[in-house]
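# Reading the structure
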Amino acid sequence: MNESSLIIKIVDDIQKAKIIWEELSPKKSLYDDWEFRYCFFSHKKFPIKFFVGEYQEKNIGLLPLQFNSEKGYLEFFGGEYMDENKVFITPGWEEYVPKFYEAANEKAYFDNLERNHIFIIQKQIKNYIYNLPLGNIKDHNDFIEKKFKGSIEHRRKLRREIKKISEKDIKVIKNNFDDIDIYFKFKIKRWGAESSFNDKDERQNFIDFLKLKYNYHVFTFMLGEKKIGISISILFRNKYFFLETASDIELLPNIGKYIIIKNIDEAINLGAKNFDVSRDGESWKERWNFEKIPQSSFRNY
């Protein structure tokens, strides 16, 4: 392959960008899916800059970016909520991945990068995605026995906590999407002014997200007539994405643990191969002994 014959052009039309995305996306993860990404892009409508690699009039690679006019730099399409960011590259062209990043010659922040290329592996680790392989786990009790970190007493304590909540006859309602408002309420109560859900556009992202055609597993947890917790998950290509959760821990301590356990059981019952709990919240994810998958980041300024 002749490097001089590789042309990297910019596509800034959203319809053309979608066609190229669908052509080159590996479509292995939720974060490779156009509808998911576009949902988190659509309200800000930042200008897009898709760097498309072309060889002999054939598209061979894509670095999908948008210009965040609020922060003043290029970032990955879909914004900061996205994980597993990367150049979509046709097999055989992997050595040219760095050329795509070099082509973005204005201020850019490349965040939450999947470490699937030596060029990215050499960059600083920014954070971790946490994942639980489910292949040899029968149910949540089996998980606690095989995976939960700590001593025998730590495992016994978790079982007692889950049992104690179960005895309260918690009611679980599935896919009542209107309860997204409860989720916002809990998040704002927990984080106050720091919560991103004080932003109308951020709330709308999730409202619109629940209108897409995915295999949703949204659970509302009730104690009597009071809604005390909610979780938002998706089954996508044999992976159970446990995306969001919020609860009233003041009303019922340890309800958060109960919510996680219920979602692990749901994922197993659905035949999922992995239980993905994304990034952030490292402290509890470390305690629960989930597998750590590093992501890199770097700036070109």
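First things first, this report covers the structure right here in the doc. As a convention, each chain's residues are numbered from 1 in the sequence order in which they are written. Local features are withheld for residues below a pLDDT of 70 in this predicted model, meaning they are given only at 70 or higher, and side-chain atom pairs are given and counted only at 80 or more; totals for whole chains, interfaces and linings count all residues. The side-chain quantities take in all heavy atoms of the structure and omit both hydrogens and water.

Turning our eyes to something else, we now look at the overall build of the protein. In terms of helices and strands, the protein carries 10 helices and 13 strands. Atoms considered for the radius of gyration are the C-alpha atoms alone. The globule rule reads 2.2 Å times the number of residues to the power 0.38. Computed over the C-alpha atoms, the radius of gyration of the protein is 21 Å, within 12% of the 19 Å expected from 2.2 N^0.38 for a compact globule of 301 residues. In terms of its C-alpha atoms, the protein occupies a principal-axis envelope of roughly 70 × 40 × 35 Å. Remark: exposure states derive from per-residue accessible area (1.4 Å probe, protein chains only) relative to the maximum for the residue type, with buried under 20%, exposed over 50%, and partly exposed in between. In the protein, which comprises 301 residues, the share counted as buried stands at 50%. Approximately 15100 Å² of the protein is accessible, and the part contributed by carbon and sulfur atoms is 48%. Here a helix means four or more residues in a row that DSSP labels H or I, a strand means two or more in a row labelled E, and each is numbered from the N terminus. We get accessible surface area from the Shrake-Rupley algorithm with a probe of 1.4 Å; when it comes to residues, only the shown protein chains can shield them.

This part covers the environment of Gly150. Secondary-structure assignment places Gly150 in the loop between helix H5 (140–146) and helix H6 (152–166). For Gly150, a relative accessible area of 43% gives the class partly exposed.

Turning to the nonpolar core, a few remarks are in order. Nonpolar cores were defined as sets of buried Ala, Val, Leu, Ile, Met, Phe, Trp, Tyr and Cys residues, with membership established by side-chain atoms within 4.5 Å. Formed by 32 residues in total, the largest nonpolar core has its most connected members in Leu132, Leu134, Phe143, Ile264, Phe275, Trp288 and Phe290. The element that contributes the greatest number of residues to this core is helix H9 (residues 255–269), accounting for eight residues. Sequence-distant contacts of Trp288, defined by excluding residues within four places in its chain, comprise Phe143, Lys147, Phe148, Leu158, Lys257, Ile260, Ile261 and Ile264. Counting 26 residues, the second-largest nonpolar core is a separate cluster that includes Met82, Ile180, Phe197 and Leu210. In what follows, residue pairs with any heavy atoms lying within 4.5 Å of each other are defined as contacts.

What follows concerns unusual backbone geometry. Phi angles above zero are rare outside glycine, and Lys27 is one such case at about 55 degrees. Examined against the element boundaries, Lys27 turns out to sit in the loop between helix H1 (14–24) and helix H2 (34–41).

Right, let's get into the packing of aromatic side chains. Note on aromatic pairs: the rings of Phe, Tyr and Trp (six-membered ring only in Trp) are paired at centre separations within 6.5 Å, and the planes decide the class, stacked below 30 degrees, edge-to-face beyond 60, tilted for the rest. On inspection of all chains with the given rule, the structure shows 51 aromatic pairs. Aromatic side chains Phe197 and Phe206 sit 5.3 Å apart centroid to centroid with 65 degrees between the ring planes, which places their arrangement in the edge-to-face category. Taking the relative accessible area as the measure of exposure, Phe206 reaches 1% and is therefore buried. Criterion for a charge above a ring: Arg CZ or Lys NZ at most 6 Å from the ring centre, at most 35 degrees from the ring normal. The ring of Tyr128 has Lys292 sitting right over it, with the charged end atom 4.2 Å from the ring centre. If you follow Arg299 out to its NZ or CZ, it ends over the ring of Tyr109, 3.9 Å from the centre.

Attention now moves to the environment of Leu235. Within the secondary structure layout, Leu235 lies in strand E10 (residues 226–236). A relative accessible area of 18% places Leu235 in the buried class. Setting aside residues no more than four positions away along its own chain, Leu235 makes contact with Asn215, His217, Tyr240, Leu270 and Ala272.

In regular strands, side chains alternate between the two faces of the sheet. Most of strand E3 (residues 58–68) sits out of view: nine of its 11 residues are buried. By definition, two strands form a pair when at least two bridges between them are found by DSSP. Bridging between strand E2 (residues 48–55) and E3 involves eight bridges; their strand directions are antiparallel. Each bridged residue has a counterpart across the sheet, and for Phe50 the counterpart in E3 is Pro64. Between E2 and E3, which follow one another and run antiparallel, lie two residues, and Gln56 among them has a positive phi close to 50 degrees. Examined bridge by bridge, E3 and strand E4 (residues 73–76) share four bridges and lie antiparallel to one another. Residue pairing in the sheet places Phe67 in a bridge with Leu74 of E4. Hairpin connection from E3 to E4: four residues lie between these consecutive antiparallel strands, with Gly72 at a positive phi of about 80 degrees.

Gaps between atoms show up when a probe of the same size as a water molecule is rolled over them. Cavities and pockets were defined on a 1 Å grid built from protein atoms only: a cavity is a group of points that admits a 1.4 Å probe but offers it no way out, a pocket is an open group of points flanked by protein on both sides within 12 Å along at least five of seven lines, and a lining residue is one with an atom within 4 Å of any such point. Grid points are joined across faces, edges and corners, and a volume is the space filled by probe spheres set on the points. Here the second largest pocket is characterised by a volume of approximately 340 Å³. In this structure, the second largest pocket is lined by 17 residues; those nearest its centre are Pro26, Lys86, Val87, Glu114 and Asn116. Counting residues per element, the ones that place at least two in the lining of the second largest pocket are strand E5 (88–89) and helix H3 (97–103). Residues were grouped as follows: Ala, Val, Leu, Ile, Met, Phe, Trp, Tyr, Cys and Pro as nonpolar; Asp, Glu, Lys and Arg as charged; and all remaining residues, including Gly, as polar. Of the residues contributing to the lining of the second largest pocket, the split by class is eight nonpolar, three polar and six charged.

Moving on to the sheet that holds strand E6 (residues 109–114). Pairing in this open sheet of eight strands is mixed, and the strands run E6-E13-E7-E12-E11-E10-E9-E8 from one edge to the other. For this open sheet the edge positions go to E6 and strand E8 (171–174), each flanked by a neighbour on one side alone. Between one strand axis and the next, the sheet turns by 25 degrees as a mean value, whatever way the strands run. Direction of pairing for strand E7 (residues 125–133) relative to strand E13 (residues 291–299): antiparallel, over a ladder of six bridges. In the sheet register, Ile129 faces E13, and the bridge partner there is Ile293. On top of the sheet, helix H7 (residues 180–191) reaches E10 and strand E11 (239–247); it is set at about 60 degrees to E11, its chief contact. Orientation is described by lines fitted to C-alpha atoms, with helices fitted over the stretch in contact, and by angles between N-to-C directions that extend from 0 to 180 degrees.

Now for the pairing of E7. Alignment of E7 against strand E12 (residues 274–276), held across three bridges, turns out to be antiparallel. Considered in E12, the bridge of Asn131 is made with Asp276.

In short, the description is geometric, and any link to function would need to be established separately.
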